[in-house]
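# Structural overview for review
Listed below, chain by chain, are the residues.
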Amino acid sequence: MGQASCKGLYQSLFDYKTEKYVIAKNKKVGLLYRLLQVSILTYLVVWVFLVKKSYQDTDTSLQSSIITKVKGVIFTNTSELGERLWDVADYVIPPQGENVFFVITNLVVTPNQRQETCAENESIPDAVCSEDSDCPPGEPVVTGNGVRTGRCLRAENMQRGTCEIFAWCPVETRSRPEKPLLGKAEDFTIYIKNFIRFPKFNFSKTNVLDTKDRAYLRSCRFGPKDPYCPIFRLGSVVSWTGSDFQEIALQGGVIGIQIEWDCDLDKAPSECNPRYYFSRLDRRFPGNSVSSGYNFRFAKYYRDEAGVEFRTLIKAYGIRFDVLVNGRGSFFCDLILIYFIKKSHFYRNKKFEEVRVPNHPLCAPHHPHAGLATRGMER
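As a starting point, this report considers the structure included with it. What you see is a predicted model, and the numbers here were worked out from it, not measured in a lab.

### A short note on the packing of aromatic side chains
Enumeration according to the criterion identifies 15 aromatic pairs in this entry. Centre to centre, the rings of F101 and F321 are 5.1 Å apart; their planes meet at 20°, and the pair counts as stacked. Of this pair, F101 sits in strand β6 (residues 100-119) while F321 sits in strand β16 (residues 309-332), placing them 220 residues apart in sequence. Across the pair, exposure class does not vary: F101 and F321 are buried alike. Ring geometry for W168 and Y301: centres 5.8 Å apart, planes at 65°, overall edge-to-face. A residue pair is termed long-range when its members are at least 10 positions apart, and W168 in strand β9 (residues 161-169) and Y301 in strand β15 (residues 295-303) qualify at 133 residues. Three or more aromatic residues joined by ring pairs form one cluster here, namely F222, F232, W240, Y276 and F278. Here the basic side chain of R84 rests over the ring of W86, its NZ or CZ set 4.4 Å away from the ring centre.

Rendered as C-alpha cells:
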C-alpha cells in the first residue's frame, strides 16, 4: 500500500495541468459579471487616475525662502515723545525682514529711567506692605520691577504702603492708551517675496511677476486681478481674517499668512500659481479678557553728559505676522514615461542599463554572451 502511494506521488510529479473554462449561458450571471468589470474599470479611471491622479509622482519636500519688507510713515504728537515721525526702522521688529515679523501699532512709554531706589508699583500684590519686615532686603518682587531694600514706604496716616525697591526708576505705571497710537498703520504695505523649489523635479518659481518694469512694484497691489503682485495693504490683510484693524491695533494680535503651492507640473509653468490664506492665529476672547492681545517690552539706552545711563522703556502692542509656505508638485510617473509616450524607448534606454555578470563557480554554466538587465536610475 505504501509503495503504491509513493509510486503514484512520483508519477504525479510529471503530470501537466491546465485550466478548464466553463461558459455559463446565463444572462443574469453574465450581466452581474460585466457590471463588476465596469465598476472596477470606473473606479480605476475616475477615482485612481482622474481624482487621485495616481499616475503622477509627487514631491512634498518643498524648499522655500521668504523676504518681507514693510513701508509707511506716521506722524504723532504725545506728551511722552513730543512730535515724532515713525518710519519702518521704528515700528518693525526685526528690521531685516523674515518670515516672522512684528509691526508696532500701540505703545506705553516710560522715559528717563535710571537705576536707583523708588516705590514699587501699587498694583503688584507682592509689593504691598505694612512695616519694614514685610520687605526683606535683597528679595525680588514677584512679577515686579526690582529687589526690595528693606523699607516699607507709606503715605502719612496710611497703614499700608509698598516696598521700596532698587530698579529702573520710575517704574512703569501708565496703562494702555484707549486709542492706538499708530492707528493709521492700516495703510502701510507689506512686501512678501517667496521663492520655492521642488528639488525632485528641479522646478523653481516665485510669487512675483516676471517683468522688467521697475515701477511695477511701486504701484501694484495684491488682488484677484493682480495675483502676482506681492504688495499687501496691512489693513486689507487684517480684514481678510475677519478682524477689525482698530481693535487688533489697540491690544495686538497674531495673523498667519499661508502661501500654498499645489502644482500639477504636467501643465505649463504658468499654471503653477500661489494661493493665499489669511487667518487670525491668536484666540480672541469677548470683552477685556487678560488672554487677549499681544505685546512685549524693549528699551532704548543712552547716557547723559555725566555718563549716567538712562533708558526709555517701551511696552509695544502690535501685530505679529507669521508667513507659512507649503505645497507639493506632481509629475508623470515612470509607468507613463516608459510605456505610453511616443519617445518611451528613449526614457527606457536611460532608465535601464544592461551589464554583464561573470559566471560564479557555484552556479550553473552560462552562455558566454548571456547578460543580466538591472534597473537603476542614471545619475
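### Focus: the pairing of strand β4 (residues 82-86)
Bridge analysis of strand β3 (residues 74-78) against β4 gives five bridges, and the strand direction is antiparallel. Counted as the bridge partner of T78 is G82 from β4. Adjacent in sequence and paired antiparallel, β3 and β4 are bridged by three residues.

### A few points about the nonpolar core
Soluble globular proteins tend to bury their nonpolar side chains together. Membership of the largest hydrophobic core comes to 43 residues, with the highest contact counts inside it found for Y91, L234 and F321. Going through the elements one at a time, β2 (63-71), β6, β10 (189-198), α5 (234-240), α6 (245-251), β13 (253-264), β14 (274-280) and β16 are the ones with two or more residues in this core. With six residues, the top contributor of residues to this core is β6. Residue contacts for L234: discarding those within four places in its chain leaves V103, A185, E186, F188, I190, F245, I319 and F321.

### Examining the pattern of salt bridges
Within the structure shown, the criterion is met by eleven salt bridges. Across the salt bridge formed by E247 and R280, the nearest N and O atoms sit 3.7 Å from each other. Taken together, the positions of E247 in helix α6 and R280 in strand β14 put the pair 33 residues apart, joining distant regions of the chain. Where R280 meets D282, a salt bridge forms, and the shortest distance between an N and an O atom there is 2.6 Å.

### A few points about the state of the cysteines
This model, assessed by the stated rule, comprises five disulfides. Two residues, C135 and C163, share a disulfide whose sulfurs are 2.0 Å apart. Measuring the twist about the S-S bond at about -85°, one finds the C135-C163 disulfide to be left-handed. Highlighted residues: C135 in the loop between β7 (128-129) and β8 (146-153) and C163 in strand β9, separated in sequence by 28 residues.

### Notes on the environment of V237
Along the chain, V237 turns up in helix α5. Of the residues examined, V237 reaches a relative accessible area of 0% and is grouped as buried. It is 9.7 Å that separates the C-alpha atoms of V237 and T189, two residues lying 48 residues apart in sequence.

About the cut-offs
- Residues numbered from 1 in each chain as written.
- Predicted model: local features only at pLDDT ≥ 70, side-chain atom pairs only at ≥ 80, totals over all residues.
- Heavy atoms only, no water.
- Phe/Tyr/Trp six-rings, centres within 6.5 Å; stacked < 30°, edge-to-face > 60°.
- Helix = DSSP H or I, 4+ residues; strand = E, 2+ residues; numbered from the N terminus.
- Buried < 20%, exposed > 50% of the residue type's maximum accessible area, 1.4 Å probe, protein only.
- Lys NZ or Arg CZ within 6 Å of the ring centre and 35° of its normal.
- Pairing = 2+ DSSP bridges.
- Core = buried A, V, L, I, M, F, W, Y, C linked by side-chain atoms within 4.5 Å.
- Contact = heavy atoms within 4.5 Å.
- Salt bridge = Lys/Arg side-chain N within 4 Å of Asp/Glu carboxyl O.
- Disulfide = S-S within 2.5 Å.

Honestly, that's just the spatial picture; any functional story needs more than this.
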